[in-house]
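Overview (structure and organization)
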Amino acid sequence: MTGWMMSAIGELKKTIGLVAALVPTGLGQAVAQERGAATVVLPPIEVVSTTPLGGGEPLEKVPAQVSTVRAPDFARTRSPNVLDALQQQIPGAVSIDTNGNPFAQDLRYRGFIASALQGTPQGLAVYQNGIRVNEAFGDTVNFDLIPPQAIARTELFTNNPVFGLNALGGALSIQMKNGFTWQGAEAQALGGSFGRVSGFFEYGKQVGDYSLYVTGDAARDGGWRYFSPSWVGRLYGDLGYRSSDSEVHLVATGARTYLGVVGPTPVDLLAHDQRAVFTSPQTTLNEVGSLAFTGKFDVSKTWSIQSNFYLRSFNQRHTDGNDAEFEECDDDTGFEGQLCADEDDFASVITSERQLVILDRSGRSIPFAGEGFPYGTIDRTRTRALTAGLGLQATNRDKILDHDNFLTFGGSVDRSGLSFGSTSTLGAIDPRLVVGTDGSFPGSGAQIATLGRIGYVPVTLNGNTTYYGVYVLDTFNITPELAISGGARLNIANISTQDMTGLAPELNINASYRRINPIVGATYALTPALTAYAGYSEANRAPTPLELNCADPARPCLLENSLVADPPLSQVVARTVEAGLRGTSILAADASLAWKAGYFRTESSNDIVSLASTLTGRGYFANVPANLRQGLEAGALVRWGNLAAYANYAFIDATYQFTGVLASPNNPFADEDGTILVRPGNHIPGIPRNLVKFGGDYAFTPQFSAGADILIVGTQYFIGDDSNLNPKLPAYWTVNLHASYQVNDNVQFFGLVNNLFDNRNASFGTFFERQTSAQLATPIAFAGNPRTITPLQPLSLYGGIRVTF
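So, here's what we can say about the structure. Sequence order as written defines the numbering, with residues in each chain counted from 1. Thresholds applied to this predicted model are a pLDDT of at least 70 for local features of residues and 80 or more for the giving and counting of side-chain atom pairs; totals over whole chains, interfaces and linings are not thresholded and use all residues. Each side-chain value is worked out from all heavy atoms of the structure, with water and hydrogens disregarded.

1. Section: the packing of aromatic side chains
For any pair of aromatic rings, geometry is given as the distance between the ring centres together with the angle between the planes. In this scheme Phe, Tyr and Trp rings, the latter by its six-membered ring, pair at centre separations within 6.5 Å, and the angle between planes marks the pair as stacked below 30 degrees, edge-to-face above 60, and tilted otherwise. Counted by the stated rule, this structure contains 23 aromatic pairs. Ring geometry for Tyr210 against Tyr241: centres 5.0 Å apart, planes inclined by 50°, an arrangement best described as tilted. With Tyr210 in strand S13 (residues 210-221) and Tyr241 in strand S14 (residues 230-242), the pair connects residues that are 31 residues apart, well separated along the chain. For Tyr241, a relative accessible area of 30% gives the class partly exposed. Residues Tyr226 and Phe227 carry aromatic rings whose centres are separated by 6.2 Å and whose planes lie at 50° to one another, so their mutual orientation is tilted. Tyr226 sits in the partly exposed class, given a relative accessible area of 32%. Helix and strand definitions here come from DSSP, where helices need a minimum of 4 consecutive H or I residues and strands a minimum of 2 consecutive E residues; each element is numbered from the N-terminal end. Relative accessibility decides the category of a residue: with a 1.4 Å probe and only protein chains considered, values under 20% of the type maximum give buried, values over 50% give exposed, and everything between is partly exposed.

Here it is, written out as structure tokens:
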């Protein structure tokens, strides 16, 4: 048995032990004796939506891991961030704070990512009410645009290609509330550490065949690090109608968020000041608006149709202050005494040093300010997308040869028109490491470009993406206990971009990708309360417009800024096999246990990775031949009287399965060309191997309850340490407490303590360019250690009131 499996089994035993400790010894046995041998109490059948448009299939018939997070799970966190509840309740999920912002974090699951950060290869598909919310330009997912209080339930499916592109590691289906499923009126206000103030209202009502649900929330957080304030505002509404055989909804969403995304900071700067940031401003403004019309129609007792039509607009503006490596132009350029980009950063690209001359918007060169001047740039991007989508699905429950059968088939079209623009403005870095344009030096505030259009290149790009999907999924009951499933989805992705400046024809792209992804599996009910499952599936994702336009190592781009070249990238294909057990038992009138445990193995070919360039702050995308992600997941939920407790564990072994050279110029072990050697078995950076989570709530009286949540995240390699030669980012753990007091039927007071023991470890780490011009701006010596990290938010206290009308 391999070492990783022994380690995983050891950790799994500890977790099972914890769950066992939560259930009194002999409780199940005593209950059985009390009921008598002939009495069998069956758990309720849970129905899940195994396609984006729903349809409803018993969980016990799904041949894959399914994790469900319900409205009360979101409510107990009191958080405006959706990911806090997902991290607690899904065994293999962890929220990584790459950006240093409480609202804009990464969801990582089984070594795959759904992130708001442009340039992060996205391996999870995310849907909201059947609408794909992976953004058109980079497949990013902006969880900050989703109000948690409006969520009825979320389901994370693995091993299911029916959810289309990006479902390499899984698909997250977020189902929102409506006036048929939630009635009442509530409002909440919260305040606390670092200037956080937030509140929301929600109202739901049903009048005969009509329903209305509306909610809105707002939050402001001053940020615990310098220059990191954020605010969010979100609205969601649903107007519904239903008859005996149909149900339709008109759904509207609007949100605007401003995020101070300060990012990782060099460790030596943090040693001097834990609130320090490395070059600012770094801000993101997101805006979204959508309108959807959904329907469900029962054609007969066994046939039904589901439909979804939507329009969705997304706008993003990003501002990023960066250091810049500039120098005086050499004599042979003909621009002596003028400003040039650092020759060393472009040695593999330029044919003449004249190409590196920095020009302003009028095409004039800029005088050099002198040796030791701390140059910087303020890089700005804007991304806009308007998407129209249509989904249509049919389900059938007719028996076949007197055996139960559940058939689903359907299709979808999502077409996005997009535009992207970027500029770089010349600035100077002050002692606070803020890039400014105060007019005190030549070229201050000028929009810049290099004469040879290398490195600093303004971009104006238009394009469109069209994604088609056709799928079928069938579950056939061979016996009441044994069910087999099979199906497939055809994905077609057409991507087109056009350079609007007329100066960058390499950005003109017409690419097409297509693939049929199969799924097969089986479930077997060992007992009425215990089911075994096993399955195999394939999934794919197409390169995004961002990745296709930033794939040349000789012409790297600023991932949040410029696009420069378009060598072809291959689509990613993931092949997953998994197997496991799940069970639900009613132990007594006031005691129940639900649990699951499983093994998974995902082999990926042509994974797209983001690689750093020798030019500070820039990088490019590339395919790598083969990766492997495998591991174990286990979870349990216990309800016993006034106690509700959970325990989750995941072991993830994510490794490269090829021998090759990858760029990582800031890695201390990189060779003189800025590369490192990767071998089979090297661990993929940024993926913690062990995740342990447990917690719960206890109602001490009908009015007062309290609870705790404990998270333990194992060690991980720094991003850029693909050869695994550097020390790991240490493990970290947090303890959060919460309590509430119900004054009367309408008023509740509550309090939260996050990071009780003030753990200051980091959740994310990478390397930075030590030859940075930012060191010239401050007397604090920080460039000796190339590690840069995002530390955890310190101890935080919050209190609030919730009113029910």
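2. Description of the pairing of strand S15 (residues 246-260)
One requirement defines pairing of two strands: DSSP has to find at least two bridges between them. With 12 bridges joining them, S14 and S15 adopt antiparallel strand pairing. By the bridge assignment for S15, Leu239 is matched with Leu250. When S15 meets strand S17 (residues 282-298), the two strands line up antiparallel, connected through 15 bridges. Each residue of the ladder has a partner; that of Thr257, found in S17, is Asn286.

3. Comments concerning the environment of Val47
With respect to the element layout, Val47 can be found in strand S1 (residues 47-48). On the basis of relative accessibility, which here comes to 44%, the residue Val47 falls in the partly exposed class. When the C-alpha atoms of Val47 and Gly696 are compared, they prove to be 25 Å apart, with 649 residues separating the residues in sequence. Contacts are residue-level and defined by heavy atoms, with any inter-residue pair within 4.5 Å sufficient. Filtering out sequence-adjacent residues up to four positions away, Val47 remains in contact with Gly56, Glu57, Pro58, Arg153 and Glu155.

4. Quick look at the sheet that holds strand S10 (residues 170-176)
The strands making up a sheet associate through backbone hydrogen bonding, with each pair oriented either parallel or antiparallel. Within the open sheet, the 5 strands sit side by side as S3-S9-S10-S7-S8. Their pairing is mixed. The sheet is open, and its two borders are formed by strand S3 (66-70) and strand S8 (131-132), each paired with just one other strand. Bridge count for strand S9 (residues 151-157) against S10 is 6 bridges, and the pairing is antiparallel. Its bridge partner being in S10, Glu155 is matched across the sheet by Ser173. As a rule, the C-alpha atoms of each element are fitted with a line to give its axis, helices using only the stretch in contact, and angles between N-to-C directions run from 0 to 180 degrees. Of the strands in this sheet, S3, S9 and S10 touch helix H4 (residues 82-89), which is tilted by about 130° from S3.

5. Remarks on H4
Burial of H4 is extensive: 7 of the 8 residues sit out of reach of the surface. Every buried residue of H4 is listed here: Val82, Leu83, Ala85, Leu86, Gln87, Gln88 and Gln89. Within 3.5 Å is the distance limit for a polar contact, defined as a pair of N or O atoms, with the added protein rule that one can donate a hydrogen and the other accept it, and that residues adjacent in sequence qualify only through two side-chain atoms. Sitting at the head of H4, Asn81 places a side-chain oxygen 3.0 Å from the backbone nitrogen of Leu83.

6. Describing the state of the cysteines
In plain terms, two cysteine sulfur atoms within 2.5 Å form what is called a disulfide here. Per the stated rule, a full pass over the model turns up 1 disulfide. Shown here is the disulfide that connects Cys329 with Cys340, its sulfur atoms set 2.0 Å apart. Taking the torsion about the S-S bond as the criterion, the Cys329 to Cys340 disulfide, at about 100°, is right-handed. Within this pair, whereas Cys329 is found in the loop between strand S19 (326-328) and strand S20 (339-341), its partner Cys340 is found in strand S20, the two being separated by 11 residues in sequence. As far as burial versus exposure is concerned, Cys329 and Cys340 are alike and both buried.

7. Some words on the sheet that holds strand S41 (residues 787-791)
One open sheet holds the 3 strands; their spatial order is S16-S41-S40, and the pairing between them is antiparallel. Of all the strands in the sheet, the pair left with one neighbour each is strand S16 (265-266) and strand S40 (762-767). As judged from the 2 bridges shared by S16 and S41, these two strands associate in the antiparallel manner. Residue pairing in the sheet places Thr265 in a bridge with Ile789 of S41.

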